[in-house]
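Structural overview
The chain contents come next:
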Amino acid sequence: MKILISNDDGYLAPGIVALADALASIAEIVVVAPDSNRSGSSNSLTLDRPLSVYKAANGFHFVNGTPSDCVHVALTGVLAFRPDLIVSGINQGQNMGDDTLYSGTVAAATEGYLFGIPSIAFSQVEKGWGELAAAARVAREIVQRKFDTLDKPYLLNVNIPNLPYDELGEIVATRLGKRHQSEAVIRAIDPHGREIFWIGPAGQAREAGEGTDFHAVANGRISITPLQIDLTHNAQLDSLKKSLR
Ligand code: MN
């Protein structure tokens, strides 16, 4: 098995190092990841300047671009082979509910999925890299699963509680929950006296009932949500047609 690994926290992040270490024992791996933290970059591609691919001493490739750039460039220009699987993460912090739209971690996996390759995004629920070894072990176990019942390509979003391996609950299939609106921007004054804004934190969970990703991890379980990319609101399609008559 050949696996392309990327992330959005950058090629030096502990999460991608742990993930690469865990997967190197079961697959041929190649790492192509952003040169710096590009969290929240969603599916953006860099179109206003060229991209460069560098190789670090540990063999990881890093790119002066976004997670989507990394996977895109890897698949279309860098790799001499087509990977069997694309794995993204392990992200520092949860990507649940509406987070998935903003996430660069999910975006790297999405780029693989759009190229027709099964892809999995991994995130730890809490920031700070606590119990990262357990998360990496879980990631390896999930990668080794066959998911034979799923149509290929599939796009899976995994969130792992920061718990010791023995305290982790079962792996459960979930749907995305929903969050409340984001918190307000954080205002500050820069050294020149000008008002500046930091984007505030994501909102708290709003729809977090049984069956959601939020509910699973709140109960110590490992959440896997199958994602799709077609944003068509099918339930509104007929209503829209009526209003256009
Ligand atoms: Mn990140």
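Residues numbered from 1 in each chain as written. Predicted model: local features only at pLDDT ≥ 70, side-chain atom pairs only at ≥ 80, totals over all residues. Heavy atoms only, no water.

The next thing to look at is the overall build of the protein chain. When helices and strands are counted, the protein chain shows 7 helices and 13 strands. Relative to a compact globule of 245 residues, whose C-alpha radius of gyration would be 18 Å, the protein chain shows 19 Å and is just as compact. For the C-alpha atoms alone, the extent of the protein chain along its principal axes is close to 55 × 55 × 45 Å. Per-residue burial over the protein chain gives 46% buried out of 245 residues. Put simply, 75% of the contacts in the protein chain that link residues at least 6 apart link residues at least 24 apart. Approximately 12900 Å² of the protein chain is accessible, and the part contributed by carbon and sulfur atoms is 51%. Distance from the positive charge centre (21 side chains) to the negative charge centre (27 side chains) of the protein chain: 5 Å. (Helix = DSSP H or I, 4+ residues; strand = E, 2+ residues; numbered from the N terminus. Rg over C-alpha atoms; globule rule 2.2 N^0.38 Å. Buried < 20%, exposed > 50% of the residue type's maximum accessible area, 1.4 Å probe, protein only. Contact = heavy atoms within 4.5 Å. Areas by Shrake-Rupley, 256 points an atom, 1.4 Å probe, with all protein chains shown as cover. Lys, Arg positive; Asp, Glu negative; His and termini not counted. Charge placed at Lys NZ, Arg CZ, Asp CG, Glu CD.)

Mapping Thr46 onto the fold places it in the loop between β2 (28-34) and β3 (53-55). Residue contacts for Thr46: discarding those within four places in its chain leaves Leu51, Gly65, Thr66 and Asp69.

So, about helix α2 (residues 67-78). Taken together, the buried positions of α2 are occupied by Pro67, Ser68, Asp69, Cys70, Val71, Val73, Ala74 and Leu75. Its buried side turned inward, α2 meets β1 (2-6), β2, β3, β4 (61-63), β5 (85-92) and α4 (104-114).

Attention shifts here to a nonpolar patch on the surface. A surface patch of nonpolar side chains, about 410 Å² in accessible area, is lined by Leu101, Tyr102 and Leu231. Here Leu101 is to be found in helix α3 (residues 99-102). (Patch = residues over 30% accessible without salt bridge, like charges linked within 9 Å, V, L, I, M, F, W, Y side chains within 5 Å. Salt bridge = Lys/Arg side-chain N within 4 Å of Asp/Glu carboxyl O.)

Another point: unusual backbone geometry. Residues Gly89 and Ile90 are joined by a peptide bond in cis, for which omega reads -5°. Residue position: Ile90 is located in strand β5. A positive phi angle is found at Ser42, which is not glycine, with a value near 50°. By the secondary structure assignment, Ser42 is in the loop between β2 and β3.

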